[in-house]
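Understanding the architecture of this molecule
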Amino acid sequence: KQVCCVASCVVLPRVLHITLMMEKDNKRDHEESDSSSPEKFMRMEDTTHAINNNVCKVNTLAQFQSETGETAGPPIELPLSLARDKLQQILNTLLEQEEQTPYSFFVNEKEVTGSLNGVIDSSTSEEKVMVILYQPQAVFRVRAITRCTSSLAGHAEAVLSASFSPDGQHLASGSGDTTVRFWDINTETPHFTCKGHRHWVLVTAWSPDSVCLASGCKAGQIFIWDPKTGKQVLSNHLQCVTALRWSGEDLLYSASQDRTIKVWRASDGTMCRTLQGHGHWVNTLALNTDYALRTGAFDPEALMKDRPEITSADKRQAHAEKCYKEALAAAGGVERLASGSDDFTLFLWEPARNKKPIERMTGHQQLVNDVKFSPDTRIIASASFDKSIRLWSGLNGKFLGVLRGHVCGVYQVAWSADSRLLVSGSKDSTLKVWNMSTKKIEIDLPGHADEVFTVDWSPDGQRVVSGGKDKILKIWRR
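Presented here is an overview of the structure given in this document.

Reading the values: rules and limits
- Residues numbered from 1 in each chain as written.
- Predicted model: local features only at pLDDT ≥ 70, side-chain atom pairs only at ≥ 80, totals over all residues.
- Heavy atoms only, no water.
- Helix = DSSP H or I, 4+ residues; strand = E, 2+ residues; numbered from the N terminus.
- Buried < 20%, exposed > 50% of the residue type's maximum accessible area, 1.4 Å probe, protein only.
- Areas by Shrake-Rupley, 256 points an atom, 1.4 Å probe, with all protein chains shown as cover.
- Pairing = 2+ DSSP bridges.
- Axes fitted to C-alpha atoms, helices over the stretch in contact; angles between N-to-C directions.
- Phe/Tyr/Trp six-rings, centres within 6.5 Å; stacked < 30°, edge-to-face > 60°.
- Core = buried A, V, L, I, M, F, W, Y, C linked by side-chain atoms within 4.5 Å.
- Contact = heavy atoms within 4.5 Å.
- Polar contact = N/O pair within 3.5 Å; in protein donor to acceptor, adjacent residues only side chain to side chain.

Section: the overall build of the protein
Tallying secondary structure elements over the protein gives seven helices and 33 strands in all. Looking at the protein as a whole, 51% of its 478 residues are labelled buried. Element-wise, carbon and sulfur atoms account for 50% of the exposed surface of the protein, whose accessible area totals about 22,700 Å².

In structure tokens:
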């Protein structure tokens, strides 16, 4: 108790100084409004009956609390007109941060985008302490892409899948010409062509260490490719393979049009179990640890430098394990899997604990093409032929909102490394960049001559790749 009291005595004066300055600003604004014309005062008085009682409140007693339930400092009185940037200043002071860390704030599961007035409702009691949940955001910031810098020709048929390697140095693409191609990002030239699939290559997925690539085709085959040594066949689904995901538990998940999700042991290709529940084809998979697995061995901030820093294998392994554990902790200690289907639904699974889904997410009016967890594991984005992108909670699958703007079906989405932006590719031949703070379109990017089947955002945030029916890969930069 003595330690807590001492800490409060040290921190509170700085917090009180900030809040007192804000209250002075509010008082000055109030005095200026009193000196306005009588007509203006009459109009303001007439509208007071339409104002909610909570808006009439000037201050409230608030307590900052982290996702894990830890409190930051004692409860303090805050003006309801307080903006989000002021909340960040107060929280950084309470946490005694040497460097200013960006945070997002939530009250009653509503994000604070403006002031506290915008998130309180009639059920908020004046007597209770308002809990302000805070979540750290990425310190680095990814800027939106604005232009196409190059077009990579080579495939003989439509490009159906494209993905950057975790170290951001290579690009792999799968096509209707049954080949997998590896590209050199720096020279933007073809590096290697892998042949072996008997049908369209629908999906590609890099291993977390960038050493190999898994690909699945419409014939039901799964191949593990090594650009230097060749390939290894795992096994077959009864119908075409539609999605692949590497797990942090030495597992590989695959989805198929046979309505199942199969779990494989990556080390020897043995099938461990089968997840069933969807009533139609399973089109897409996503893990809440996808970003940590993809970039765990490669720090995004190091990759963003003019000369990317690639450390030794031992250091990459240690860094990958650390990032994976941190991602698991942020997600509640369990690896979750999201799946989307032709039955218009999504399922949220905890494969390590149960073979049955923990949540069934409904709302799309047509089949679900793609699903992605945000890098911070908090949001799931799903793309559908109903022209919309829906957002869901990464913890429990609760519906959060919808993004509308495409005029045709949406094939695929990809998150920026800082979870602030989302890019989508559509049947309408455009890419759109969405701002997650405003839930609106940031930039509209035409350029393809036909439908855009695949998009991916590089781990270093510098590039976006897109491919589609025009058989061309396009590289977009800020």
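So, helix α4 (residues 84–94)
Turning to α4, its buried residues number three or more, namely L87, Q88, I90, L91, N92, T93 and L94. Trailing α4 by a residue or two, E96 shows a phi angle of about 55 degrees, which is positive.

Concerning the sheet that holds strand β17 (residues 260–265)
The strand order β15-β16-β17-β18 describes an open sheet built from four strands, whose pairing is antiparallel. The sheet is open, and its two edges are formed by β15 (241–246) and β18 (270–276), each paired on a single side. On average, each strand axis in the sheet is tilted by 20 degrees relative to the strand beside it, whichever way the strands run. Pairing analysis gives six bridges linking β17 to β18, with the strands arranged antiparallel. Each residue of the ladder has a partner; that of W264, found in β18, is M271.

A look at the packing of aromatic side chains
On inspection of all chains with the given rule, the structure shows nine aromatic pairs. Both rings, one in Y103 and one in Y134, keep their centres 5.5 Å apart while their planes meet at 85 degrees; by these two values the pair is edge-to-face. Taken as a pair, Y103 in strand β3 (residues 103–107) and Y134 in strand β5 (residues 130–136) lie far apart in primary sequence, 31 residues in all. Exposure class is identical for Y103 and Y134. Each is buried.

A short note on the pairing of strand β23 (residues 368–373)
In terms of burial, β23 is a largely internal element, six of the six residues being buried. Where β23 and strand β24 (residues 379–384) come together, five bridges link them in antiparallel fashion. When the sheet's bridge partners are listed, K372 is paired in β24 with A381. A loop of five residues connects β23 with β24, the two strands running antiparallel in sequence, and T377 in this loop sits at a positive phi of about 70 degrees.

Digging into unusual backbone geometry
Although it is not a glycine, T377 adopts a positive phi angle of roughly 70 degrees. The class of T377 is buried, set by a relative accessible area of 4%. The backbone of S419 shows a phi angle near 65 degrees, a positive value even though the residue is not glycine. Among the secondary structure elements, S419 is positioned in the loop between β27 (410–415) and β28 (421–426). S419 gets classed as buried once you look at its relative accessible area, which sits at 11%.

Quick word on the nonpolar core
By size, the foremost hydrophobic cluster in this structure holds 21 residues, and its most contacted members are F64, L78, L87, F105, L116, M130 and I132. Within the residue set of this core, elements represented by two or more residues are β1 (59–65), β2 (71–79), α4, β3 and β5. Leave out the neighbours within four places in its chain, and L87 touches F64, L78, L82, F105, V112, L116 and I132. Membership of the second largest hydrophobic core comes to 16 residues, among which are Y291, A414, V423 and L431.

Regarding the environment of T284
Looking at the secondary structure, you find T284 in strand β19 (residues 282–287). The buried category is assigned to T284, whose relative accessible area is 4%. Considering only alpha carbons, one finds T284 and R245, 39 residues apart in sequence, at a separation of 9.4 Å. Apart from the residues lying within four places of it in its own chain, the contact partners of T284 are A243, A338, S339, G340, V368, N369, D370 and V371. Among the polar contacts listed, one links the side chain of T284 to the side chain of D370, at a separation of 3.2 Å.

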